[in-house]
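Structure assessment
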Amino acid sequence: MSLTIDVALLPPNALIDTGVFIRFLGHQPNESITPLCKAFCDAMIDNQRPLYVAAPTIAEVTRYTGNRLPRTRGLVVVPFDDRAAELLGLNMPMAKIHETSSASGLSRTYLKYDAMIAACALRAKAMALVALDGDHTTMAGAIGIKVTRPELYEKKQLLLPGTT
Amino acid sequence: MAWTTRFTPQRSSRDRSKVCYIHPVAREELTLDRRVVLELDGPGVFPETVDAALVLELAAAFFALVQGNAVEDAAPIALRGIEILDKCVAIAVPVDAIELVLPYTEAARLQLIGEQEPPRGLTTIAERGRSALRRLPEDHTAKIITGTWTRALSLPKPRDVQPLDSILSIRAVPLRIGGINPLARFRSEFEPEPFTLSVTESLARKLGPYLYKEVDIEAKVGRSADGTIERGRLEEFEPVEGGDPRPAWRAWFESVGGNEWEPHRH
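Anyway, here's the lowdown on the structure attached to this text. (Residues numbered from 1 in each chain as written. Chains lettered and ligands numbered in written order. Predicted model: local features only at pLDDT ≥ 70, side-chain atom pairs only at ≥ 80, totals over all residues. Heavy atoms only, no water.)

**Digging into the overall build of chain A**
- Across its full length, chain A holds seven helices and five strands.
- Helices and strands in chain A line up, N terminus first, as β-α-α-β-α-β-α-α-α-β-α-β.
- Within the span of chain A, comprising 164 residues, buried residues form 48% of the whole.
- Here chain A displays about 7700 Å² of accessible surface, and carbon together with sulfur accounts for 55% of that area. (Helix = DSSP H or I, 4+ residues; strand = E, 2+ residues; numbered from the N terminus. Buried < 20%, exposed > 50% of the residue type's maximum accessible area, 1.4 Å probe, protein only. Areas by Shrake-Rupley, 256 points an atom, 1.4 Å probe, with all protein chains shown as cover.)

**Looking at the packing of helix H4 (residues 82-91) of chain A against helix H6 (residues 108-123) of chain A**
Residues and elements named next belong to chain A.
- Across the interface, H4 lies against H6 with an axial gap of 9 Å and an inter-helix angle of 110°. It follows from the interaxial angle that H4 and H6 lie roughly perpendicular. As for how H4 packs across H6, the hand of that crossing is right-handed. Of the residues in H6, those touching H4 at Arg83, Ala84, Leu87, Leu88 and Asn91 are Ala115, Met116, Ala119, Leu122 and Arg123.
- For the contact of H4 with H6, the residue count by class is seven nonpolar, one polar and two charged. (Axes fitted to C-alpha atoms, helices over the stretch in contact; angles between N-to-C directions. Parallel < 35°, antiparallel > 145°, perpendicular 65-115°, else oblique. Left-handed = near helix turned anticlockwise from the far one by under 90°. Contact = heavy atoms within 4.5 Å. Nonpolar A, V, L, I, M, F, W, Y, C, P; charged D, E, K, R; others polar.)

**Here we look at the state of the cysteines**
- Counted according to the given criterion, the structure contains zero disulfides over all chains.
- Counting only cysteine sulfurs, A:Cys41 is the nearest neighbor of A:Cys37, a cysteine outside any disulfide, at a range of 6.8 Å. (Disulfide = S-S within 2.5 Å.)

**Here's the deal with the environment of B:Lys206**
Residues and elements named next belong to chain B.
- Structurally, Lys206 can be placed in helix H4 (residues 201-207).
- Residue Lys206 is classed as exposed on the basis of its relative accessible area of 52%.
- Between the C-alpha atoms of Lys206 and Glu236, which are 30 residues apart in sequence, the distance is 9.9 Å.

**Here's the deal with the nonpolar core**
- Ranked by size, the top nonpolar core spans 44 residues in total, and within it A:Leu15, B:Phe186, B:Phe195 and B:Ile217 carry the most contacts.
- Top contributing element to this core by residue count: H6(A), with eight residues.
- A:Leu15 has contacts with A:Tyr52, A:Val53, A:Ala54, A:Val78, A:Ile117, A:Cys120, A:Ala121, A:Ala126, A:Ala128, A:Leu129 and A:Val130, leaving out every residue within four places of it along the chain.
- Ranked by size, the runner-up nonpolar core spans 39 residues in total, among them B:Leu40, B:Leu79, B:Val89 and B:Ala142. (Core = buried A, V, L, I, M, F, W, Y, C linked by side-chain atoms within 4.5 Å.)

**Side note on the pairing of strand E14 (residues 229-239) of chain B**
- One ladder, built from nine bridges, connects strand E13 (residues 215-223) of chain B with E14(B); its direction is antiparallel. By the bridge assignment for E14(B), B:Val221 is matched with B:Gly232. (Pairing = 2+ DSSP bridges.)

**Some points on helix H5 (residues 94-104) of chain A**
All names here are of chain A.
- The complete set of buried residues in H5 reads Ile97, Thr100 and Ser101. Take H5 and look down its axis: the buried residues cluster within an arc of 100°, on one side only. Among the exposed residues of H5, those oriented more than 90 degrees off its buried face are Ala95, Glu99, Ser102 and Ala103.
- Looking at the buried residues of H5, the elements they touch are H6 and helix H7 (135-142).
- Within two residues after H5, Gly105 carries a phi angle of roughly 80°, on the positive side. (Arc of directions from axis to C-beta.)

**Brief notes about the packing of aromatic side chains**
- Going through the model one piece at a time under the given rule, you end up with eight aromatic pairs over all chains.
- Geometrically, the ring pair formed by A:Phe21 and B:Trp249 is edge-to-face, given 6.0 Å between the ring centres and 80° between the ring planes. Residue A:Phe21 is located in helix H1 (residues 18-24), and its partner B:Trp249 is located in helix H5 (residues 246-255); the two belong to separate chains.
- In this structure B:Trp249 comes out as buried when scored by relative accessible area, which is 1%.
- Ring geometry for B:Phe62 and B:Phe63: centres 5.0 Å apart, planes at 65°, overall edge-to-face.
- Put simply, the rings of A:Phe21, B:Trp249 and B:Trp252 touch in pairs and so form one group of aromatic residues.
- If you follow B:Arg250 out to its NZ or CZ, it ends over the ring of A:Phe24, 5.1 Å from the centre. (Phe/Tyr/Trp six-rings, centres within 6.5 Å; stacked < 30°, edge-to-face > 60°. Lys NZ or Arg CZ within 6 Å of the ring centre and 35° of its normal.)

Below you can see the structure in the form of structure tokens.
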């Protein structure tokens, strides 16, 4: 399969989860999914479609003091502010998070981060939350956010007749 | 008989121009007194009995602000000499060109009452003067007299300001900036409706070049029951860089140790 993005499939804007964000910026270069994460983000930027990053993702990624957070077009940090908190509380109460934790075996702390990221997607009215973790499908999907993987936007080459 | 004339003070680099009207006076009486006067009036206000520390603190702040504003504009004004006038309590400083100093006395007045940002380095002095104003007894009045121009020196009545609820930190586009009490109107993808924030004059001037351009703002806001911003105050902003965002973000990611990230799912 060719690793190019079908621009026609790109959402008008998208919030990328931590997994896509770090691969876009150069982490895990040898993973098979990394080129696609980069290609998706590059295509969004090159086609002037805003990419959103949740503030909790910035918190997850930051290890120590470095450069100031960039203020650039194309990549926008979405705050987890009072509005995001209200949206989260109304749409994904803690009881639901605990339920998901019990069912999936994932820690509540981990899921709370995902929930906050989903709330940021809601806050930003993101048309898609592009994620690698399946948990987002449960969490964000439950509050009406379209959750997709980068593969969805890959341009699919048609096979030649007679080939498999 | 009476006539009025209008002074348009020199436009300063801080664009604090104000149009000041001389009160109607008979022509034969219209001699411009060459003094800037801070006058305190009220029952029992005399030089022999007035609260010296309070008056001197107010006067020191006022004249320091006049001089400071003039220095910032490189205006050739030096406040030298002092007179205590036999007029309630009035402290006067002679000046050579009263029309030159007029805009600076008005600026100092506005800075004392908190309606204009003072020049850099004079914030504390302005605050001390404002504190002295607050401590004036209720039946005392203060005024500034510059030649034949007079203005009351009194703190504005507190508005019915509701507390601000939360801190907002979002990307927005300024649509309109200005007003006597400066306001800035914004729209943002993150808010359903455009919203208006109060802003200091200096922040308004900094924001001006970014009209209709994206900026990242930090504000304290209060919301209505439907969640829209109904009031607020801009605290600061940062311009958004154009061009390719990727180099800056990759550099940031490396600088904060992003490459050391590891998932912790359990």
